[in-house]
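# Working through the structure, step by step
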Amino acid sequence: MDVAKNALRIRGFAAAGISVACMLAAACLAAGVPCNQVAYASETESQSQTANAQNAQSSSYLYAVRDSETNLWGFVDAAGTQVIPCQFESLGSLPGQSPSLVTTYSPNNGTKSYFPDFGCAYDLPGGVMNDDPFPAQDPDTEKWGYIDKSGEWTIEPEYEQARMFSDGLGLVYSEDKGAGFVNAQGQLVASGYIAATSFSDGVAFVSGKLDDEKNGIKHNNSYAAIDKNGAWTLDSAKSSTETDRYCYKQPIFFHDGVGFEGIKDGKAIYIDSKGSEALSASSGHDGVSIVDAGPFYDGYATIELQGVDMWAKAGYTGMGGTTAYGLIDKTGALVKDPTAKSTQWATLVDLWGGINHAGGGMVAAQDSVSGLWGYLDAKSGEWKIQPLFSEAKPFADGMAYAKDFATDDWGIIDDSGAWTAVPRLDNFNSDDQSLVAAGGLVYGTAEAVGGAAPVTSEGWMNAQGLWVASWKL
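Everything numeric in this text was worked out from a predicted model, so none of it was measured.

Okay, the pattern of salt bridges next. One pass over the full model with this rule turns up 11 salt bridges. The partner of Arg66 in a salt bridge is Glu458, and the shortest N-O contact between them spans 3.7 Å. A residue pair is termed long-range when its members are at least 10 positions apart, and Arg66 in strand β3 (residues 62–66) and Glu458 in strand β34 (residues 453–461) qualify at 392 residues. Residue classification places Arg66 among the buried positions, given a relative accessible area of 11%. Taking the relative accessible area as the measure of exposure, Glu458 reaches 6% and is therefore buried. Because the salt bridges share partners, they merge into one network encompassing Glu391, Lys393, Lys403 and Asp408.

Spatially, the four strands line up as an open sheet ordered β6-β8-β9-β10, and their pairing is antiparallel. Edge strands, defined here as strands with exactly one partner in the open sheet, are β6 (90–91) and β10 (153–159). Here β6 runs beside strand β8 (residues 134–137); their pairing, made up of two bridges, is antiparallel. Across the sheet, the residue bridging to Ser90 is Gln137, located in β8.

With a phi close to 65°, Asn71 is a non-glycine residue in the positive phi region. Relative to the elements of secondary structure, Asn71 occurs in the loop between β3 and β4 (73–76). Note on Asn71: relative accessible area 43%, which makes it partly exposed. At Asp265, a residue that is not glycine, the phi angle is positive and equals roughly 55°. Inspection of the secondary structure assignment puts Asp265 in the loop between β18 (258–264) and β19 (267–271).

In terms of nonpolar packing, the biggest core is built from 45 residues, with Phe75, Leu91, Ile147, Tyr401 and Trp460 touching the most fellow members. Of all hydrophobic cores here, the second largest spans 16 residues; its members include Val206, Ala224, Ile226 and Tyr246.

On to the packing of aromatic side chains, then. To describe a pair of aromatic rings, one takes the distance between the centres and the angle between the planes. Enumeration over the complete set of coordinates arrives at 14 aromatic pairs. Here Tyr443 and Trp460 contribute two aromatic rings whose centre-to-centre distance is 6.0 Å and whose plane-to-plane angle is 70°, an arrangement assigned as edge-to-face. Of this pair, Tyr443 sits in strand β33 (residues 442–450) while Trp460 sits in strand β34, and the two are 17 residues apart along the sequence. Taken individually, Tyr443 and Trp460 each receive the classification buried, so the pair is uniform in this respect.

Okay, the pairing of strand β29 (residues 383–392) next. In this structure, strand β28 (residues 373–377) lies alongside β29, joined through three bridges in antiparallel fashion. Among the inter-strand pairings, Trp373 is bridged to a residue of β29, identified as Phe389.

Here the focus is a negative patch on the surface. A surface patch of negative charge is lined by Asp123, Asp201, Asp256 and Asp298. Mapped onto the secondary structure, Asp298 falls in the loop between β21 (288–297) and β22 (300–307). Judged by its relative accessible area of 49%, Asp298 is partly exposed.

The element strand β26 (residues 352–359) is extensively covered by neighbouring structure, given that seven of its eight residues are classed as buried. Counted between consecutive antiparallel strands, the loop separating β26 from strand β27 (residues 362–367) contains two residues, among which Gly360 sits at a positive phi close to 65°.

Procedures and definitions
- Residues numbered from 1 in each chain as written.
- Predicted model: local features only at pLDDT ≥ 70, side-chain atom pairs only at ≥ 80, totals over all residues.
- Heavy atoms only, no water.
- Salt bridge = Lys/Arg side-chain N within 4 Å of Asp/Glu carboxyl O.
- Helix = DSSP H or I, 4+ residues; strand = E, 2+ residues; numbered from the N terminus.
- Buried < 20%, exposed > 50% of the residue type's maximum accessible area, 1.4 Å probe, protein only.
- Pairing = 2+ DSSP bridges.
- Core = buried A, V, L, I, M, F, W, Y, C linked by side-chain atoms within 4.5 Å.
- Phe/Tyr/Trp six-rings, centres within 6.5 Å; stacked < 30°, edge-to-face > 60°.
- Patch = residues over 30% accessible without salt bridge, like charges linked within 9 Å, V, L, I, M, F, W, Y side chains within 5 Å.
- Areas by Shrake-Rupley, 256 points an atom, 1.4 Å probe, with all protein chains shown as cover.
- Lys, Arg positive; Asp, Glu negative; His and termini not counted.
- Charge placed at Lys NZ, Arg CZ, Asp CG, Glu CD.

Given below as structure tokens:
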């Protein structure tokens, strides 16, 4: 097997590349080395072997990889060893993309039902398989089903869509049965919906049933809540008519035991999965309101605050006041209090110009003065890693992505803020959740110059920035 060992240069850093990803031949399986992938690694062959040996001991996850010749998908383990050959047309969770937890399919009857972005997020980054059945697309029929860690179908491919398992059920869609939910045995436990969200804390939201229109049931661009048996729950169970069951303007995503219901009178209201109010958070200052909030992660949630200044009060168009971002705990208390700069200006000071969700006891936040990003201690709101980066992503497994201000490249830092992998990555076209580590590996993309033209590769790397599996983008 021809393994590329050309000396490459990745964003100014010399590297000798090797490849550990999808194989297409039985001979490669027997040799234990994947083939038909382009190698754009940042380490020598011996360094890669060392990295793979270290990773193998720490993760039970599998990681999606793509064969750059056939464009089919398979999986490697944390050491980069091929476990499932590249044989699937697509996967329900791909590297660089956060998995979708809603159906967005348009049936042939012309009905369209799309869920808005309501803050739902899968706990694992895109392309990572745990022990749950994993959604995959059959290249022959183009239907979706679920596979296990051996690559065998545990739920046969018979659906137009299949989403990641969440809260013990997988969200699926078929033309005849609409949106529904399957358990790990492949049994359809609830179905017949136009569109739906995945379950979180035993609750999912639906946009209507397939036969509602002929039965005269209207949805009014709203949503209803169901439990795992398909029965109405929360306020939908209290409604007197079928139309009134669609009483939610926005679906609620539950995480860490609570879900953000909405803003009422400048306060962020969170409920539990039984529908009871769990906490109410306010700024504690006149003229400063909470205008948006996110889900809880590791016991903390991000909020957006707005202070109305005297120009806005006077009716000047476009003068909305000062906007900043804060952090609340499970009691609803702000980790750091917004303070008024003067009696005339409700200017938010000592808060942040941007913020990400908590992870590893820290929160990535943007300094409102310099515009640079660092990491706050989640409990105190004080800087634990000073704002020195042009962007920063959440911590997981003791590692986080940060963008170097000088080079505008991404690298990996440890929980002291030190670079463990020098900045050399592009990571374009990737969302926040996909740039978080799982099992000691993280997804990334990099431009490599080898031969006549630059080539961009993507794949999985460890905290030291050593590729474990990579392929041509």
